[in-house]
Amino acid sequence: MGQSQEKGGFFKKVINIIAGNPTPAPKGSTDAPGIYEPQEAESLDLRFVKNFTKSGGHFLYCKDLAELKSNIANVCQEQNAKFIYTCEDDIKEILKDVPLELQTKANQSNAICSNCEALIAQIGGIMIDDIQTGGIRLKELPEVHIIVAKTSQIVENLHAGMAKINNKYKSNRPGQLTTLKGSQDESVRQASNDQNAKRVLYLLLVEDQVK
């Protein structure tokens, strides 16, 4: 997905998934695969987006840093969030050009913007830890949560997500690890007191080369 054409193709596929439309056949193909022919495997990124949006998450693909900043501002305007919390220096650097008031205390904010550790394709979940939350418990964070993530953070399942975290931090693994899910996720809806039930999740996905 490094070239612009590939980005456009990815974006069009994502739009089709969100809209519930079939993915267009590749150029040059005349017929759909027969029932006995092998089906093309769905990529991790598309599977994640499908499961994430199905569970009630909001997905935005950002082609560059300017679009990322614009989308953060638009989300906050949509949610009437004027005060935003983050504890991460790189997110603070992004937010300083966004017309929002940055807060150092979560309880004085109506939105949080953070990075994440991994995006889990199998369940459409987002793994975060106390590095992203500043050690604040999930129930004490603002309900509007804007996640900034890279395409390379998408993995197959929770086991792969844990392996990614263990490899990144080695013996100094962060604490308070949790998986964010959309409020319409079946496990969230069935739980009597799930902290994701009222959470409004936005995922802003950017390419790894965007800085």
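Residues numbered from 1 in each chain as written. Predicted model: local features only at pLDDT ≥ 70, side-chain atom pairs only at ≥ 80, totals over all residues. Heavy atoms only, no water.

Undergrad: Can you help me understand the environment of T178 in this one?
TA: With respect to the helices and strands, T178 occurs in strand β9 (residues 178–180). Along the chain, T178 and G125 lie 53 residues apart, while their C-alpha atoms are 9.7 Å from each other. For T178, the residues in contact, after removing those within four places along its chain, are I126, M127, I128 and L138. (Helix = DSSP H or I, 4+ residues; strand = E, 2+ residues; numbered from the N terminus. Contact = heavy atoms within 4.5 Å.)

Undergrad: Is there a simple way to think about helix α6 (residues 158–169) in this case?
TA: Given 3.6 residues per turn, any residue in an α-helix points the same way as the ones three and four places further on. Between its terminal C-alpha atoms α6 stretches 17 Å, which fits the 16 Å expected from 12 residues at 1.5 Å a residue. When α6 is considered as a whole, its buried residues turn out to be G161, I165 and Y169. Buried residues along α6 cover an arc of 50° about the axis, so they all sit on one side. Structural note: α6 exposes H159 and N167 on the side pointing more than 90 degrees away from its buried face. Looking at the buried side of α6, the elements it contacts are β5 (118–120), β6 (125–128), α5 (130–133) and β8 (154–155). Looking at where α6 begins, the residue whose side-chain oxygen comes 3.3 Å from the main-chain nitrogen of H159 is N157. (Expected span 1.5 Å × (residues − 1). Buried < 20%, exposed > 50% of the residue type's maximum accessible area, 1.4 Å probe, protein only. Arc of directions from axis to C-beta. Polar contact = N/O pair within 3.5 Å; in protein donor to acceptor, adjacent residues only side chain to side chain.)

Undergrad: What exactly am I supposed to notice about the state of the cysteines here?
TA: Here is the idea: a disulfide is a covalent bond, and it sits between the sulfur atoms of two cysteines. Enumeration according to the criterion identifies 0 disulfides in this entry. Sulfur of C76: no disulfide; nearest cysteine sulfur belongs to C113 and is 7.5 Å away. (Disulfide = S-S within 2.5 Å.)

Undergrad: Sorry if this is basic, but what is going on with helix α2 (residues 44–54) here?
TA: Three or more residues of α2 are buried, namely D45, L46, F48, V49 and F52. For α2, the angular spread of the buried residues around the axis is 160°, confining them to a single face. Of the residues flanking the end of α2, it is G56, one or two places downstream, whose phi is positive at about 105°.

Undergrad: Whenever I open this one, the sheet that holds β6 confuses me. Can you help?
TA: Strand-to-strand pairing in sheets goes through backbone hydrogen bonds, with the strands running parallel or antiparallel. Strand order in the open sheet made by the 4 strands is β8-β5-β6-β9, with mixed pairing throughout. Edge strands, defined here as strands with exactly one partner in the open sheet, are β8 and β9. (Pairing = 2+ DSSP bridges.)

What is shown is where atoms sit, not what they do.
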